[in-house]
Amino acid sequence: MSRSFETGGAPHFPPHATIASVMLQVVCALTPAIIAHAWFFGPGIFVQIVLACLFALGFEAAMLALRGKPLGLYLGDYSAVVTAILFALCVPPLAPWWIAAIGMFFAIVVTKHLYGGLGHNLFNPAMVAYVVVLISFPVDMTSWLPPTAIAEYRPGLAEVLLSIATGHAPGGLAWDAVTGATPLDTLRTSVATGRMISEARQAPIFGDFGGLGWEWIANWYALGGLWLLWRRVVTWHVPVTMIGSVLLLGTATWLSDPGSNPAPLQHVFSGALVIGAFFIATDPVSGCASPRGRMIFGAGVGIITLVIRRWGGYPDGVAFAVLLMNMAAPLIDRYTRPRI
């Protein structure tokens, strides 16, 4: 007895993924975390995203015109938009407008187009932008609002817009009265002053595992990243090895000296580790191409992040770790080529 089955037209292959479709899926995966960010830290994140996108698209259009490239084709791939969103998610909600302008100049003009455009950049553009503004404007880049649940003053949208436009604290207050230390900065200061980690975690800025608010945002980053894994936009190699290396080494240091080293989940749910694992270190252009190379790349980012957090000059080290591993990516790929 023969049976017939309905089939589609040949060839029977999945549709070819375009750069624009991949970038749009990344934006969709980031959307829940963006909403959570606004819930815990106010509407400033929306303003930062809009500013960064406008500057990124403006610099992109200018460089395309100088290089004689078609604007519609390259502006429509959304790569500049994704770079802008990732950068905006890393800066404080009330960072002045020139932070976005300078950051996007270095991301789009210097890191991307001066190296040949999309697909030719050696370094992750969003992380280059973040590191440049972090080193150049340390005060502005460390003025984080506390989570709304413990904030004594919560600026409205009008005050947020005025603060970003002028660079002054909202409500006519001093920055110290509006902003506070991040969880990683609090831990770092406590260790430097000889206090125990358990004493530092009594501060209201901490939640169950990581920072209050930050841990929920990290959860949404993880869910978005898992969705990208399911959609096969990214592979498991970098996220698993990056987070796994942090958990492994973080557990070892915590067990050896719990008074000076936070619990491993504190590392995961504070700072930029989760967004770095799923959305930044998985960049196919500035990362590794081979499966083994991606695993080495992810483990390297995780290890360097822990080293910077413990002994470096900055509370978080994800951006610096990604850039350092970007330099090593070509060499890693050379020695991890799959056998023919």
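Residues numbered from 1 in each chain as written. Predicted model: local features only at pLDDT ≥ 70, side-chain atom pairs only at ≥ 80, totals over all residues. Heavy atoms only, no water.

Let's shift gears to the environment of F320. Position of F320 relative to the elements: it lies in helix α17 (residues 318–335). Taking the C-alpha atoms as reference, F320 lies 8.5 Å from I308; in sequence the two are 12 residues apart. Residue contacts for F320: discarding those within four places in its chain leaves V131, L134, I135, I308 and Y314. (Helix = DSSP H or I, 4+ residues; strand = E, 2+ residues; numbered from the N terminus. Contact = heavy atoms within 4.5 Å.)

Turning next to the packing of helix α1 (residues 19–41) against helix α4 (residues 79–88). Remark: α1 packs on α4, axes separated minimally by 10 Å, with the N-to-C direction vectors making an angle of 25°. Compared by their axis directions, α1 and α4 come out roughly parallel. The two elements α1 and α4 cross, and the hand of that crossing is left-handed. Contacts from M23, V26, V27, L30 and I34 in α1 reach S79, V82, I85 and L86 in α4. When the residues that make up the contact of α1 with α4 are grouped by side-chain class, the tally is 8 nonpolar, 1 polar and no charged. (Axes fitted to C-alpha atoms, helices over the stretch in contact; angles between N-to-C directions. Parallel < 35°, antiparallel > 145°, perpendicular 65-115°, else oblique. Left-handed = near helix turned anticlockwise from the far one by under 90°. Nonpolar A, V, L, I, M, F, W, Y, C, P; charged D, E, K, R; others polar.)

On to helix α10 (residues 183–192). Listed as buried for α10 are P183, L184, T186, L187 and S190. Viewed along the axis of α10, the buried residues span an arc of 160°, placing them on a single side of the element. Elements that come into contact with the buried residues of α10 comprise α11 (197–200), α12 (214–230), α14 (264–268) and α16 (291–311). G194 sits one or two residues past α10 and shows a positive phi near 85°. (Buried < 20%, exposed > 50% of the residue type's maximum accessible area, 1.4 Å probe, protein only. Arc of directions from axis to C-beta.)

Counting 91 residues, the largest nonpolar core has L30, F87, Y221 and F279 as its most contacted members. The leading source of residues in this core is α1, at 10 residues. With sequence-adjacent residues up to four places away left out, Y221 is seen in contact with L30, A33, L89, V274, I275, F278 and F279. (Core = buried A, V, L, I, M, F, W, Y, C linked by side-chain atoms within 4.5 Å.)

This part covers the environment of S286. Here S286 shows up in the loop between α15 (273–280) and α16. Owing to a relative accessible area of 4%, S286 belongs among the buried residues under this scheme. Every residue in contact with S286, bar those within four places of it in the chain, is listed here: N121, L122, F123, N124, F297, N326 and A329.

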